[in-house]
Amino acid sequence: MGVRGANFPAVIRGIVAIFWYGVQTYFASTAIALLINTLFTIESTATFLGMTAVDWTAFVLVWLFQIYLFWQGIDWITRFLNWAGPLVYLVMFALLAVIWYKAGGGLLDAVGTIFSGQSDYEGSSFSAFVAIVGTMIAYFAAVVINFGDFSRFVRSESEMKKGNLLGLPVSLAIFSFIALFVTAGTVVLFGEALTNPTDIIERVDNTFLTVIAAITFFAATIGINLVANFIPPAYDIANLAPSKINFRMGGLITAVIAFFIGGLWVSVVSQVGIAGFVDTLGAVLAPVYGIMIVDYYLIKGGNLDIQDLFSADPKGKYYFDGGWNKKAILGFCVAGVFSIGTVWVPALEALSGYGWVIGALLGGSIHWLLMRGDALAAAQRA
């Protein structure tokens with residue numbers, strides 16, 4: 001998008017991350033609120049913006065703890081994740097064991113019911129599956145946009161590939177398996193499908209498991225929140241004015257804005273529904289991904305001029321029009337409006353859940369159509 005226009009997708013990514021950061025901070029705080037209520041049995045019914053005094057206390061504590069951890073640097077965050085990640089596996093398996101023990105033989109019947117594909121979704125089982133896959137892609141795809149923020153810390157390319165393999169498809173498959181059986185067990189035990197781990201732990205009514213699980217879910221949510229939603233906007237905000245805003249200041253700005261988003265989750269933001277929330281944020285970023293991939297592989301043939309990439313010289317390859325590639329910006333805007341429309345426009349409701357895929361394909365296609373003339377001219381000059 002140009003040497004100056006590169007700030008545009010960075011800001012878009014930063015805004016999406018700040019929204020996610022605030023919401024994930026709230027989710028992490030529910031584990032702490034459960035811990036406080038379990039240990040001290042505090043009765044608090046008065047609410048402000050849908051949250052009790054305990055909820056607000058937990059939210060503020062989590063918000064402050066994340067700032068503290070961020071302030072210590074990436075090495076502290078890495079060490080925190082190294083123990084939090086394996087521990088959450090152990091707790092999830094323990095939760096599965098407890099649920100299975102209490103549900104007994106009814107668990108497998110409930111799993112069979114889930115696999116039967118019966119639901120209130122208007123469409124086939126396959127289309128429902130594809131829609132969910134689209135939402136999952138939208139959830140994880142945000143980190144792909146700024147993958148370089150993390151890949152530069154790896155010791156080798158082989159370690160990076162191994163980490164991606166274990167961390168995404170393998171880990172996701174294991175967690176999906178656990179979630180399937182745990183959710184089926186909640187149907188048997190409580191008569192309704194519970195998907196929030198905090199709600200499930202609260203219903204299980206085991207103090208020891210509650211304490212361990214609350215701490216573990218808190219740690220796991222904090223870890224992913226810092227990596228996926230705190231570090232990216234901190235870099236992006238600092239990059240807007242590097243002489244005035246450093247990485248830490250960018251992080252503080254992120255935290256302050258996210259505080260209000262997280263505080264409004266229960267009363268305002270959550271009213272759109274978690275699927276709509278995820279799909280909307282994914283749809284915003286989808287054209288950026290499509291444009292990046294098409295531009296690098298099809299327009300530039302996988303070759304970048306590193307010197308011009310960081311040059312403000314008007315004669316540079318990536319200076320375009322005052323440092324902005326208006327064709328790429330146009331492609332993003334057109335694709336973005338349509339992909340977001342799949343979530344919110346009633347006439348496009350049938351495409352809901354596919355917003356990210358549509359936005360990425362549309363953004364990349366428009367970019368290729370607008371930029372292929374430039375690519376041919378560059379090839380002829382070469």
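Reading the values: rules and limits
Residues numbered from 1 in each chain as written. Predicted model: local features only at pLDDT ≥ 70, side-chain atom pairs only at ≥ 80, totals over all residues. Heavy atoms only, no water. Phe/Tyr/Trp six-rings, centres within 6.5 Å; stacked < 30°, edge-to-face > 60°. Helix = DSSP H or I, 4+ residues; strand = E, 2+ residues; numbered from the N terminus. Buried < 20%, exposed > 50% of the residue type's maximum accessible area, 1.4 Å probe, protein only. Axes fitted to C-alpha atoms, helices over the stretch in contact; angles between N-to-C directions. Parallel < 35°, antiparallel > 145°, perpendicular 65-115°, else oblique. Left-handed = near helix turned anticlockwise from the far one by under 90°. Contact = heavy atoms within 4.5 Å. Nonpolar A, V, L, I, M, F, W, Y, C, P; charged D, E, K, R; others polar. Polar contact = N/O pair within 3.5 Å; in protein donor to acceptor, adjacent residues only side chain to side chain. Salt bridge = Lys/Arg side-chain N within 4 Å of Asp/Glu carboxyl O.

A. Molecular detail of the packing of aromatic side chains. Under the criterion given, the structure shown has 23 aromatic pairs. Seen from their ring centres, F70 and F230 are 4.3 Å apart, and the 20° between their planes marks the pair as stacked. Of the two residues, F70 is situated in helix α2 (residues 53–72) and F230 in helix α9 (residues 207–240); the sequence distance between them amounts to 160 residues. Take F230: its relative accessible area is 1%, and that puts it in the buried class. With a centroid separation of 5.1 Å and an interplanar angle of 70°, the aromatic rings of Y89 and F175 are classed as edge-to-face. Taken as a pair, Y89 in helix α3 (residues 74–103) and F175 in helix α7 (residues 157–190) lie far apart in primary sequence, 86 residues in all.

B. Just the packing of helix α1 (residues 7–40) against α2, in detail. The geometry of α1 relative to α2 is characterised by a closest axis approach of 7 Å and an angle of 120° between their N-to-C directions. Classified by the interaxial angle, the pair formed by α1 and α2 is oblique. Crossing of α1 over α2 shows right-handed handedness. Of the residues in α2, those in contact with Y21, G22, T25, Y26, A28, S29, I32, A33, I36 and N37 of α1 are V54, D55, A58, F59, V62, W63 and Q66. In terms of residue class, the contact of α1 with α2 is made up of 11 nonpolar, five polar and one charged.

C. Molecular detail of unusual backbone geometry. Phi is positive for L49, close to 55°, though the residue is something other than glycine. Positionally, L49 belongs in the loop between β1 (47–48) and β2 (51–52). Residue L49 is classed as partly exposed on the basis of its relative accessible area of 32%. Even without being a glycine, F320 presents a positive backbone phi close to 50°. Here F320 lies in the loop between α12 (306–309) and α13 (326–344).

D. View of the side chain of T280. Position of T280 relative to the elements: it lies in helix α11 (residues 274–299). There is a polar contact of 2.9 Å between the side chain of T280 and the side chain of W344. Aside from chain neighbours lying at most four places away, what touches T280 is V343 and W344.

E. Broad picture of the pattern of salt bridges. What the rule picks out here adds up to six salt bridges. Across the pair E192 and R203 runs a salt bridge whose closest N-O atoms are separated by 2.7 Å. In this pair, E192 is assigned in the loop between α7 and α8 (197–204) and R203 in helix α8, connecting sequence segments 11 residues apart. What makes E192 partly exposed here is its relative accessible area of 37%. By relative accessible area, R203 is classed as partly exposed at 38%. The salt bridge involving D305 is made with K317; its shortest N-O contact spans 3.6 Å. Highlighted residues: D305 in the loop between α11 and α12 and K317 in the loop between α12 and α13, separated in sequence by 12 residues.

F. Looking closely at the environment of N37. With respect to the helices and strands, the residue N37 is situated in helix α1. Filtering out sequence-adjacent residues up to four positions away, N37 remains in contact with I42 and V54.

G. The side chain of T254, seen in detail. One can find T254 in helix α10 (residues 247–263). Within the structure, the side chain of T254 is placed 2.9 Å from the backbone oxygen of G250, a separation counted as a polar contact. The contact partners of T254, leaving out residues within four places of it in the chain, are I18, Y21, N229, F230, P233, A234 and I237.

H. Just the packing of α1 against α8, in detail. Viewed as axis vectors pointing N to C, α1 and α8 meet at an angle of 15°, and their least axial separation amounts to 9 Å. Considered as vectors, α1 and α8 are oriented roughly parallel to each other. Handedness of the α1/α8 crossing: right-handed. Across from T30, A31 and L34 in α1, the residues of α8 making contact are T198, I201 and E202.

Keep in mind that these numbers describe shape and distance, not what the molecule does.
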